[in-house]
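# Reading the structure
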Amino acid sequence: MLTDVFFTANPPPPPPADLWAPRTCCCARATLKNTAHIYAVAIYTGMETKMALNYQTKTQKRSAVEKSMNAYLVVYLCILIGKALVNTVLKYVWQADPNRDEPWYNDRTAAERDRHIVIRALTDFLAYMVLFNYIIPVSMYVTVEMQKFLGSYFIMWDDDMLDKELDERAIVNTSDLNEELGQVEYVFTDKTGTLTENNMEFIECCVDGHVYVPQAICNGQVMPGSDSMDMIDSSPGPQARESEELFFRALCLCHTVQVKEEETVDGIKHGLHPGKATSFYISSSPDEVALVEGMKRLGFTYLRLKDSHMEILNREDEVERFELLEVLTFDSVRRRMSVIVRASTGEVYLFCKGADSSIFPRVVAGKVEEVRGRVERNAVEGLRTLCVAYRPLSSEQYAEACHLLGAARLALQERERRLAEAYDQIETQLVLLGATAVEDRLQEEAADTVESLHQAGMKVWVLTGDKMETAAATCYASKLFRRGTRVLELTTKRTEEQSLHDALFDLSRTVLRPRAAAGARDPVSSPPGDCGDFGLIIDGATLSAVLQPGQDDSASGSYTEVFLEICRNCSAVLCCRMAPLQKAQIVKLIKASKEHPITLAIGDGANDVSMILEAHVGIGIMGKEGRQAARNSDYAIPKFKHLKKMLLVHGHYYYIRISELVQYFFYKNVCFIFPQFLYQFFCGFSQQPLYDTAYLTLYNISFTSLPILLYSLMEQHINADILKKDPTLYRDISKNCLLRWPIFTYWTVLGVYDALVMFFGAYFLFDNTTFTSNGQIMTSNTQMMFGNWTFGTLVFTVLVFTVTFKLVLDTHYWTWINHFVIWGSLVFFVVFSLLWGGIIWPFLNYQRMYYVFMQMLSSGPAWLSIILLITAGLLPDVVKKVVCRALWPTTTERIQNADKLYRGQLSEFSPLASLRGGQRDPPPPPPANPRRSDPPARLPPSFAAKKKHMFTRWRPKPAYSSFPPLLRFAGGGANGGRGGAYGSAGPETTV
Amino acid sequence: MSKEVGTENRPDNTAFTQQRLPAWQPMLSAGIVIPGFVLIGLAFIGIGVALFVTSRNIQVLERDYTGVEKDSFCYGCSDLKVKNCKCNLNFTLDKLFEGPVFFYYGLSNYFQNYRQYGNSKDANQLSGDKEYFLEPDESCAPYERDGGVPIAPCGALPNSMFNDTFKLYQMVNGTRVEVPFDGKGISWWTDYNIKYRNPPGTPLKKAFEGTTKPPFWPRPAYELDTTDPSNNGFINQDFLVWMRRAALPDFRKLYRRITEGEYAKGLPAGKYTLVIGYNYPVRAFNGKKKVVFSNVSWMGGKNKFLGIAYLVIGSMCVVMSIVMLIVYAKFKFPDEE
């Protein structure tokens with residue numbers, strides 16, 4: 001792997017002193033442009049490259065269901081060994097009586113007699129293991145794999161997760177985790193590109209307090225107006241005009257954008273406005289592209305960098321040329337970048353742009369207050385703000401700067417530090433020009449999705465590299481933090497004032513107090529995950545301090561604990577300023593916390609890969625930042641909104657399906673093998689199989705496999721639309737609740753009960769009675785005695801029918817496929833038994849099952865006993881189902897009842913709260929607000945009072961008129977199209 | 001697994017791929033289950049009553065003749081040293097024992113379902129394949145060869161064939177009249193006609209040349225039935241009945257039917273003597289032997305279990321439906337109002 005490449009382009013050859021600088025290095029997977037080839041030297045290719053360090057080894061992910069399965073398997077293995085041991089011991093106890101050991105009719109050979117007792121016991125033990133080994137459902141693993149593999153196609157086929165614009169569908173990279181999607185407790189999401197579109201749009205700039213908005217039409221919508229907005233035409237005066245143009249020039253010059261002339265570009269593509277796309281701007285930062293694009297719309301077009309001269313097309317269509325002298329590159333410590341250019345008039349300028357916090361302290365002139373106000377306002381609204389300043393350099397100052405830079409660049413030791421110092425000295429005495437605001441728009445339905453996840457009991461964490469204000473604004477817009485949310489901060493700012501220790505314990509007190517009070521008042525009804533409404537904001541630096549195994553060992557461990565405790569009680573957490581590996585660290589931390597919650601990570605960029613790999617379920621978004629996340633993920637979806645269907649519908653279905661699959665498999669194998677175990681007590685512990693070999697082999701393969709497989713592919717206990725509309729249903733299956741030990745025990749007990757019914761039913765029928773065929777079919781008036789194989793066949797017939805009917809009782813969604821496989825397998829069993837009994841092929845007469853099945857069916861009592869035993873076997877389960885449904889209905893069952901009552905129209909009626917009988921009222925969610933840039937709707941004072949709308953389910957349609965405040969606000973925003981958007985979002989979110 | 005679904009191979013937007021196939025969605029609601037339970041319960045009780053009554057009407061006469069106790073009629077024969085011992089079982093019928101009457105012998109504590117025992121036979125030999133007469137299957141050991149001579153039929157299962165003999169006499173006016181036994185058709189039709197075949201060759205004795213009889217048998221296979229030459233060899237009815245292993249250690253096997261002559265309608269009231277040729281040793285393993293006379297109904301022989309079980313399950317269904325009804329009335333299924 002070639003990771004760090006040093007290259008040199010030719011001509012002109014760079015000075016040798018420049019060789020080993022970061023700017024002459026290009027990282028792995030860089031795109032080669034403007035030259036056909038380069039000569040390069042690999043500097044380092046080992047394990048300590050950035051890529052290797054950030055590389056998370058891909059580990060095998062296993063779902064919680066699989067872990068339960070393995071636990072059950074151990075139990076069954078113990079049962080198997082226990083059974084074999086019990087039988088072996090009993091055999092020798094039983095044989096202690098010599099008459100039983102070797103009755104005259106069953107003499108052993110001499111060789112057998114001479115065999116040592118230990119060897120005989122061992123042989124017996126192994127023979128029992130062979131006899132009972134079917135209790136370990138090997139076929140379950142095959143079926144589970146098939147279910148997962150085939151089931152994943154439904155995810156890929158789902159048209160609801162098709163993105164028409166991108167023409168992409170959901171991709172399933174691993175089919176092992178389908179059911180894990182139904183168990184998610186923590187969602188870690190990236191912000192840029194995941195919650196937001198990563199489609200930077202230049203919103204406004206502010207020059208000396210005057211606000212400029214490009215007259216642009218974004219996605220078909222006119223940008224909303226604001227009172228304080230000045231259009232470009234209304235120029236404020238010659239003085240202002242000068243600074244305005246300087247500002248525009250500054251933005252046109254102070255960047256590292258490159259121009260690409262072709263239509264297509266390898267790698268990262270930032271093509272905007274495809275209509276006039278003769279040239280593209282390319283940059284590592286999409287913000288810069290947005291800024292340059294914005295300047296283009298304001299009249300200043302950056303043309304190209306040619307012979308160290310930047311060319312700008314100004315408003316009068318004149319080309320201005322600036323000589324690019326130095327680039328003081330961006331870094332995350334300074335959080336700003338600068339260029340030094342020489343205008344054609346000969347003056348030298350330093351243009352600097354950067355985060356407000358890094359610019360303001362260096363500003364000596366300019367309308368700081370106005371700009372600061374605007375910047376703060378924009379930041380709160382979730383815009384990414386940058387400040388622009390300049391400094392005219394005299395020739396002496398320039399020479400000094402050159403000297404500083406040159407010296408730093410040539411330094412052999414601590415070059416980086418010296419460079420930073422040099423930058424620091426040069427970027428001073430700035431004159432503030434203004435600020436820009438770039439918007440990264442929320443993805444469509446992002447807010448709705450986040451809200452649904454919250455209602456479904458998931459905790460949503462946003463992990464981003466962005467700065468706190470921007471990220472927090474996005475969180476508000478995406479409903480991660482709601483209006484009622486108490487936001488706690490744990491940031492560097494706070495830890496500067498207070499020690500980390502105090503801050504943490506303060507927070508935990510704040511968080512725990514109301515919860516403890518609530519818990520004391522009503523410990524039962526408060527559902528888990530519904531803890532008050534706290535939000536936490538933490539930044540990367542504080543986080544690493546929290547996680548650091550500190551100098552003081554006793555405290556450091558507890559920091560993590562306290563932090564986790566706080567997080568557990570927050571419904572939403574925002575982690576800003578995170579490094580990629582820190583994202584993974586957070587996921588790991590939560591994963592390892594004491595409840596071992598199931599985590600899901602979703603992201604779109606390469607920096608999310610480690611988090612995606614770390615989480616239980618990793619979801620990649622096929623975004624603008626390439627395919628790396630999608631490729632490394634377990635599932636890839638085109639848009640964040642598809643997460644909703646993925647989790648609430650597919651996850652729910654697959655969890656229900658596979659849990660039934662697992663339980664049913666264990667159940668049917670208990671039913672299968674337990675009679676065989678019981679039979680040993682009646683055959684002198686001689687390992688006589690109860691069933692014929694063909695039945696033993698085919699039971700799991702043919703007779704009972706397809707119905708459960710198809711069940712586990714087709715079952716829908718609740719309509720998908722209802723699942724999507726009522727996210728709280730997701731809580732019904734949380735914490736792996738269908739695979740808990742009590743339920744497992746119930747199934748096993750049911751299996752044992754059925755086995756007892758089947759075996760002893762047949763036993764009493766056969767025991768010392770003249771249970772015979774009265775042979776009406778074959779010859780009249782004869783009696784034919786039944787032997788051991790008929791006994792086994794009777795038990796087996798009852799077995800196959802009972803376990804299949806058990807599935808019939810559990811199936812709630814009967815498509816024609818279910819009918820086909822369920823009745824088909826029963827028919828197949830009968831037909832196979834007849835054929836194997838030689839009814840068509842008499843050549844099968846050598847084998848012991850010859851005509852056994854046929855003879856059994858010719859006997860009246862056999863029919864009667866089959867019917868009786870099947871009924872007796874199913875009776876308790878039916879009673880249990882009916883009584884439980886009546887007395888302790890689960891939410892699922894209530895919904896099913898209601899759905900049945902309204903003949904499937906329930907999905908068209910929105911609120912289900914009234915059906916839930918007040919069991920679990922979801923927290924009243926605030927109204928949908930899909931767009932950030934809509935100030936009036938964001939803070940509707942009258943809304944809080946009216947947010948508790950309640951539809952009755954008898955109302956034929958969710959009436960949009962239930963949202964008068966929304967409509968009024970939308971109307972106030974002079975935007976008809978958005979009113980419609982509210983209308984459609986309303987029914988899903990109003991309770 | 002990894003696959004990309006692009007435009008070109010996009011599946012059709014069908015109900016199946018979208019998981020929207022039309023489906024019947026039944027539910028186990030009380031409204032269906034309670035009437036269902038009542039119906040099933042009543043039906044089961046009906047069947048149960050019918051079975052119970054039928055079973056009661058079946059007459060069974062059962063006598064143990066092991067001869068363990070000193071005063072029992074076969075005590076003298078239970079000593080293995082006595083050869084060709086005969087003992088008489090006398091019984092009196094007060095009323096007509098309705099026919100057709102089936103006559104069974106029964107063994108207790110006899111494990112015909114031992115695995116090794118059951119496997120100890122040569123299916124190929126028994127299907128008349130001459131090759132296996134001289135080379136019996138190893139599974140027959142230790143009854144594979146007797147002094148180097150192959151045994152036919154080999155194995156422990158044939159070797160241990162039940163060999164007590166029975167003759168039934170009615171005392172009519174002080175003289176013993178033999179009740180004719182019908183030994184035909186007591187085995188499975190398929191066993192008799194297809195599964196078991198005698199080796200080719202006439203007379204049968206010749207076909208068995210080069211083999212010896214199983215050590216416990218008094219006579220070779222071709223002389224099992226001295227009265228009927230066609231009932232010999234591997235298709236001897238008693239042999240076939242024995243070869244169908246019983247499922248449980250206490251079992252009965254059909255010996256004869258009484259269907260002929262004046263006894264076709266049953267055994268008339270009167271005194272009877274069953275003359276038992278006592279050959280089969282069971283005391284060594286604490287076994288018991290018995291004889292059973294029984295008639296049958298449409299549901300086979302006497303079997304109380306089935307009738308009682310039907311009654312129990314049927315009444316449980318009814319009781320459950322009542323319980324559910326109470327639950328229903330008391331708690332009013334909330335969503336079905």
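Residues numbered from 1 in each chain as written. Chains lettered and ligands numbered in written order. Predicted model: local features only at pLDDT ≥ 70, side-chain atom pairs only at ≥ 80, totals over all residues. Heavy atoms only, no water.

### Comments concerning the confidence of the model for chain B
All names here are of chain B. We apply this condition: pLDDT is defined as a per-residue confidence score from the predictor, taking values between 0 and 100. Contacts are assigned to residue pairs that have any heavy atoms within 4.5 Å of one another.
Summarising the model, chain B shows a mean pLDDT of 86, and 95% of its residues fall at 70 or more. Counting contacts from residues 1-9, a segment whose pLDDT is below 50, to residues more than four positions away or on other chains yields 22 contacts. Across the interfaces of the predicted complex, the ipTM metric reaches 0.94, alongside a pTM of 0.80.

### Things to note about the pattern of salt bridges
Which entries qualify depends on this criterion: The salt bridge definition used is simple: a Lys or Arg side-chain nitrogen within 4 Å of an Asp or Glu carboxyl oxygen. Here a strand is any run of E in DSSP of at least two residues, a helix any run of H or I of at least four, and the numbering for each starts at the N terminus. Buried, partly exposed and exposed residues are distinguished by accessible area as a fraction of the type maximum, computed with a 1.4 Å probe on protein chains only: under 20%, between the cut-offs, and over 50%, respectively.
If you walk through the whole model with that rule in mind, you get 47 salt bridges over all chains. Among the ionic pairs, Glu185(A) bridges to Lys735(A), the shortest N-O distance being 2.7 Å. A residue pair is termed long-range when its members are at least 10 positions apart, and Glu185(A) in the loop between β4 (171-172) and β5 (186-190) and Lys735(A) in the loop between α26 (720-725) and α27 (741-766) qualify at 550 residues. Glu185(A) gets classed as buried once you look at its relative accessible area, which sits at 13%. Of the charged contacts in the structure, one is a salt bridge between Arg244(B) and Asp191(B), with a shortest N-O distance of 3.2 Å. One end of the pair, Arg244(B), is in the loop between α8 (237-243) and β9 (251-258); the other, Asp191(B), is in helix α6 (residues 189-195), and 53 residues separate them in sequence. Taking the relative accessible area as the measure of exposure, Asp191(B) reaches 2% and is therefore buried. Bridged by salt links that share partners, the residues Glu244(A), Glu245(A), Arg249(A), Arg315(A) and Glu320(A) form one connected network.

### Digging into the sheet that holds strand β27 (residues 635-637) of chain A
Residue and element names in this part refer to chain A. Here is the rule: Note on pairing: two strands pair once DSSP finds at least 2 bridges between them. Working convention: axes come from line fits to C-alpha atoms, limited for helices to the stretch in contact. Angles between N-to-C directions cover 0 to 180 degrees.
What the nine strands build is an open sheet, ordered β4-β27-β26-β25-β5-β21-β24-β23-β22; its pairing is mixed. Two strands in the sheet have a free side with no partner beyond their single neighbour: β4 and β22 (486-490). Strand direction decides the pairing type here: β5 and strand β25 (residues 599-603), joined by four bridges, are parallel. If you follow Phe188 over to β25, its bridge partner there is Ala601. Relative to strand β24 (residues 572-576), helix α15 (residues 468-477) is tilted by about 150°, and along the sheet it contacts β21 (459-463), β22, β23 (534-539) and β24.

### As for the sheet that holds strand β7 (residues 165-172) of chain B
All names here are of chain B. With antiparallel pairing, four strands are arranged side by side in an open sheet as β2-β11-β7-β8. Single-partner strands in this sheet number two, and they are β2 (85-93) and β8 (175-178). Neighbour to neighbour, the strand axes of the sheet diverge by 30° on average, direction disregarded. Pairing analysis gives four bridges linking β7 to β8, with the strands arranged antiparallel. Considered in β8, the bridge of Gln170 is made with Val177.

### Quick word on helix α9 (residues 304-331) of chain B
Here is the rule: By this rule, a helix spans an expected 1.5 Å times one less than how many residues it contains.
When the terminal C-alpha atoms of α9(B) are compared, their 40 Å separation across 28 residues agrees well with the 40 Å that a helix rising 1.5 Å per residue should span. Those residues of α9(B) that fall on the buried side of the exposure criterion are Leu306(B), Gly307(B), Ala309(B), Tyr310(B), Ile313(B), Gly314(B), Cys317(B), Ser321(B), Met324(B) and Val327(B). Looking at the packing, one finds that the buried side of α9(B) touches α27 and α31 (860-887) of chain A together with α1 (30-57) of chain B.

### Notes on the side chain of Ser152(A)
Residue and element names in this part refer to chain A. To keep things clear, this is the line we draw: Counted as a polar contact is a pair of N or O atoms within 3.5 Å, where, for protein atoms, one must be capable of donating a hydrogen and the other of accepting one, and residues adjacent in sequence contribute only when both atoms are in side chains.
By the element assignment, Ser152 lies in helix α6 (residues 138-157). The class for Ser152 is buried, based on a relative accessible area of 0%. From its side chain, Ser152 meets the backbone oxygen of Phe149 in a polar contact 2.6 Å long.

### Focus: the state of the cysteines
Definition in use: Any cysteine sulfur atom paired with another within 2.5 Å is treated as part of a disulfide.
Under the defined criterion, the tally for this structure stands at three disulfides over all chains. Each sulfur in the disulfide pair Cys140(B) and Cys154(B) lies 1.9 Å from the other. Here Cys140(B) is found in the loop between α4 (131-134) and β5 (145-146), whereas its partner Cys154(B) is found in the loop between β6 (149-150) and α5 (156-159), with 14 residues between them in sequence. Indicated for chain B is the disulfide connectivity 1-4, 2-3, 5-6, based on numbering the bonded cysteines in sequence order. With no disulfide partner, Cys206(A) has as its closest neighbouring cysteine sulfur the one in Cys205(A), 7.8 Å distant. Cysteine Cys671(A) is unpaired, with the sulfur of Cys317(B) as its nearest cysteine sulfur at 19 Å. Its relative accessible area of 0% is what places Cys671(A) among the buried residues.

### Description of the interface of chain A and chain B
Where we set the bar: Buried area, as used here, totals the accessible surface that two parts lose on assembly, with accessibility defined by a 1.4 Å probe and the loss added over both. Classification used: nonpolar for Ala, Val, Leu, Ile, Met, Phe, Trp, Tyr, Cys and Pro, charged for Asp, Glu, Lys and Arg, polar for all others including Gly.
Between chain A and chain B, the contact holds 106 residues from the first and 94 residues from the second. Across the chain A to chain B interface the summed buried area is about 9,200 Å²; carbon plus sulfur atoms make up 61%. Our enumeration of links across chain A and chain B arrives at one salt bridge. Between Asp721(A) and Arg20(B) there is a salt bridge, and its shortest N-O distance comes to 3.3 Å. Where chain A packs against chain B, one counts 19 residue pairs in polar contact (both at pLDDT 80 or more). Here the element with the most residues in the side of chain A that touches chain B is α31(A); it accounts for 16 residues. Residues of the side of chain A that touches chain B, tallied by class, amount to 51 nonpolar, 36 polar and 19 charged.

### Some remarks on the nonpolar core
Basically, it comes down to this: For our purposes a nonpolar core is just a set of buried Ala, Val, Leu, Ile, Met, Phe, Trp, Tyr and Cys residues, chained together by side-chain atoms within 4.5 Å.
Core analysis: the biggest nonpolar cluster contains 177 residues, and Phe166(B), Trp242(B), Leu267(B) and Phe293(B) have the highest contact counts within it. Broken down by element, the residue count for this core peaks at 17 residues, all from helix α23 (residues 642-680) of chain A. When sequence neighbours within four positions are dropped, the list of residues in contact with Phe166(B) reads Tyr65(B), Phe103(B), Tyr105(B), Phe181(B), Tyr255(B), Leu274(B), Val275(B), Ile276(B) and Val291(B). Counting 52 residues, the second-largest nonpolar core is a separate cluster that includes Leu195(A), Met646(A), Leu648(A) and Val821(A).

### Some details on the pairing of strand β17 (residues 348-354) of chain A
Residues and elements named next belong to chain A. Among the seven residues that make up β17, seven are buried, leaving the element largely enclosed by the rest of the structure. Where burial is concerned, the two faces of β17 agree: the one with Val348, Leu350, Cys352 and Gly354 and the one with Tyr349, Phe351 and Lys353 are both buried. Strand direction decides the pairing type here: strand β16 (residues 336-342) and β17, joined by seven bridges, are antiparallel. Residue pairing in the sheet places Met337 in a bridge with Lys353 of β17. Connecting β16 to the next strand, β17, in antiparallel fashion are five residues, including Gly346 with a positive phi near 100°. Here β17 runs beside strand β19 (residues 383-393); their pairing, made up of seven bridges, is antiparallel. Pairing of Phe351 across the sheet is with Tyr390, part of β19.

### Here we look at the packing of helix α2 (residues 64-94) of chain A against α6(A)
Residues and elements named next belong to chain A. The test is simple: Angle categories are assigned with fixed cut-offs, so that under 35 degrees is roughly parallel, over 145 is roughly antiparallel, 65 to 115 is roughly perpendicular, and the rest are oblique.
Closest axis-to-axis distance for the α2/α6 pair is 13 Å, and the angle between their directions is 170°. Considered as vectors, α2 and α6 are oriented roughly antiparallel to each other. Counted together, Glu66, Met69, Asn70 and Leu73 of α2 and Met140, Tyr141, Val144 and Lys148 of α6 form the full contact between these two elements. For the contact of α2 with α6, the residue count by class is five nonpolar, one polar and two charged.

### Quick look at the environment of Arg63(B)
Residues and elements named next belong to chain B. One can find Arg63 in strand β1 (residues 60-64). On the accessibility criterion, Arg63 (31% relative accessible area) is partly exposed. Along the sequence, Arg63 and Ala247 sit 184 residues apart, while their C-alpha atoms lie 22 Å from each other. In this view, Arg63 contacts Leu89, Phe91, Lys289, Lys290 and Val291; residues no more than four positions away in its chain are not counted.

### Considering the pairing of strand β14 (residues 309-313) of chain A
Residues and elements named next belong to chain A. Relative to β14, strand β13 (residues 301-306) runs antiparallel, the two being bridged by five bridges. Note on β14: the bridge partner recorded for Leu305 is Met310. Hairpin connection between β13 and β14: a loop of two residues separates the two successive antiparallel strands, and Asp307 in this loop has a positive phi of roughly 50°. Taken together, the five bridges between β14 and strand β15 (residues 319-331) define a ladder with antiparallel strand orientation. Following the sheet pairing, Met310 is matched in β15 by Phe322. Linking β14 back to β15 in an antiparallel pair, the connection comprises five residues, with Asp317 at a positive phi of about 60°.

### A short note on a nonpolar patch on the surface
Selection rule: Put simply, a patch holds well-exposed residues, over 30% relative accessible area, that have no salt bridge, with like charges counted together within 9 Å and Val, Leu, Ile, Met, Phe, Trp or Tyr side chains within 5 Å. Areas reported as accessible are Shrake-Rupley estimates using a 1.4 Å probe. Residue values count occlusion only from the protein chains shown.
A cluster of nonpolar side chains, namely Val142(A), Met146(A), Phe149(A) and Leu150(A), defines an oily patch on the protein surface of about 320 Å² accessible area. In this structure Val142(A) comes out as partly exposed when scored by relative accessible area, which is 48%.

### Here's the deal with the confidence of the model for chain A
Residues and elements named next belong to chain A. Across chain A, pLDDT averages 78, with 78% of residues at or above 70. In the predicted structure, residues 216-235 sits below a pLDDT of 50 and forms 26 contacts with residues beyond four places in sequence or in another chain. Across residues 907-991, where pLDDT falls below 50, the model places 119 contacts with residues more than four positions away in sequence or in other chains.

### Description of helix α24 (residues 693-703) of chain A
Residues that lie three or four places apart on an α-helix share one face, since the helix turns once every 3.6 residues. Taken together, the buried positions of α24(A) are Ala694(A), Tyr695(A), Leu696(A), Leu698(A), Tyr699(A), Asn700(A) and Phe703(A). Those residues of α24(A) hidden inside the fold are in contact with α6, α23, α25 (705-714), α28 (788-810), α29 (816-836) and α30 (852-857) of chain A.

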